[in-house]
Amino acid sequence: QKSINIPESLNPDFSVLKNCVNHSAEFWDETVEAADPIASRRWNFSNAKVASGSSANHIFTSAGQHTVKLDVTTQSGCVYSTVQEITIYEAPDASFKATPETGTPPLAVTLAASLMNASAYQWSFDAENDTVTETNTMQTLFEELGDHVIDLTVTDERQCTNTATRIITVTKPVINISLTSFILAEEADGAINSILTLANKGNISAQNVGLLLDIAGIALKEVIPGPVLPGATITYIPSFNIVKGQH
């Protein structure tokens, strides 16, 4: 009488990481071996692609449910299979805001990344000085003139990554205060007030702007208090007035 040895059956199983769109999703076999060792493995993906080995990689180009089949063959020739529906997710959102994006040195910039799907944030400035943080906001300072590249790489809980880039421009300080309007307005008592409109066409705030008016050879000086912000236009009435007949 001949005896036949029936090997213990296997229950194939596998895990996946980096299961995001356009990522190389990583699959690995987690089947627990028995007395009949595993001889080979074959992976079948929903787009008819196949792979072999205890681990495999596959790129999915669309989000949603995808079918993955793993066939495990033992040394005795037994084949065991498992079919799983896995979810392919969109890559984490790496978008971020940089405020401001241009200015004069030293330029303090606040960075705020999206809060969607990411668990780690890696900031890179001019392709160096990487900073890894678990928070989505930070501040940095630029002192050199020119364009500066900020890269943000985010990673989610599935180890999927995404990268976004912004350019910060540090410009040379330019002071340009222009007198755009000068009006003389006569009051009831005969005094004449001067009304000035000033525009800051430069790229930095102007502090304590000096005002010099030459009227009939008389030099009138005054300092305009407070900052005049870049791009701002202000109307200013000097503290002095002009009396008719004054020379």
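Calculation criteria
Residues numbered from 1 in each chain as written. Predicted model: local features only at pLDDT ≥ 70, side-chain atom pairs only at ≥ 80, totals over all residues. Heavy atoms only, no water. Phe/Tyr/Trp six-rings, centres within 6.5 Å; stacked < 30°, edge-to-face > 60°. Helix = DSSP H or I, 4+ residues; strand = E, 2+ residues; numbered from the N terminus. Buried < 20%, exposed > 50% of the residue type's maximum accessible area, 1.4 Å probe, protein only. Salt bridge = Lys/Arg side-chain N within 4 Å of Asp/Glu carboxyl O.

Undergrad: How should I be thinking about the packing of aromatic side chains in this particular structure?
TA: Under the counting rule described, the total for this entry stands at eight aromatic pairs. Judged by centre distance (6.0 Å) and plane angle (50 degrees), the rings of Phe27 and Trp43 are tilted. Taken together, the residues Phe27 in strand S2 (residues 24–29) and Trp43 in strand S3 (residues 38–45) connect sequence positions 16 residues apart. The pair Phe27 / Trp43 is uniform in exposure class, with both members buried. For the pair Phe125 and Phe142, a centre-to-centre distance of 6.4 Å together with 70 degrees between the ring planes defines the contact as edge-to-face. Of this pair, Phe125 sits in strand S11 (residues 120–125) while Phe142 sits in strand S13 (residues 137–142), and the two are 17 residues apart along the sequence. For Phe125, a relative accessible area of 9% translates into the label buried. A relative accessible area of 5% means that Phe142 is categorised as buried.

Undergrad: Honestly, the pattern of salt bridges in this entry has me stumped. Any pointers?
TA: One pass over the structure, following the stated rule, counts six salt bridges. Of the charged contacts, one joins Asp71 and Lys69 as a salt bridge, the two residues approaching to 3.7 Å between their closest N and O atoms. On the basis of relative accessibility, which here comes to 13%, the residue Asp71 falls in the buried class. Put simply, Arg158 and Glu157 hold a salt bridge, and the shortest N to O gap is 3.5 Å. By relative accessible area, Arg158 is classed as buried at 15%. Residues joined in a network through salt bridges with shared partners are Asp156, Glu157 and Arg158.

Undergrad: For this particular structure, what's the right way to read unusual backbone geometry?
TA: Most peptide bonds take the trans form, and the phi angle of most residues other than glycine is negative. Backbone torsion omega between Thr99 and Pro100 reads -10 degrees, so that peptide bond is classified as cis. Inspection of the secondary structure assignment puts Pro100 in the loop between strand S8 (96–99) and strand S9 (102–103). The omega angle of the peptide bond from Pro105 to Pro106 is -10 degrees, so this bond is cis rather than trans. Mapped onto the elements of the fold, Pro106 is located in the loop between S9 and strand S10 (107–113). The backbone of Asn208 shows a phi angle near 50 degrees, a positive value even though the residue is not glycine.

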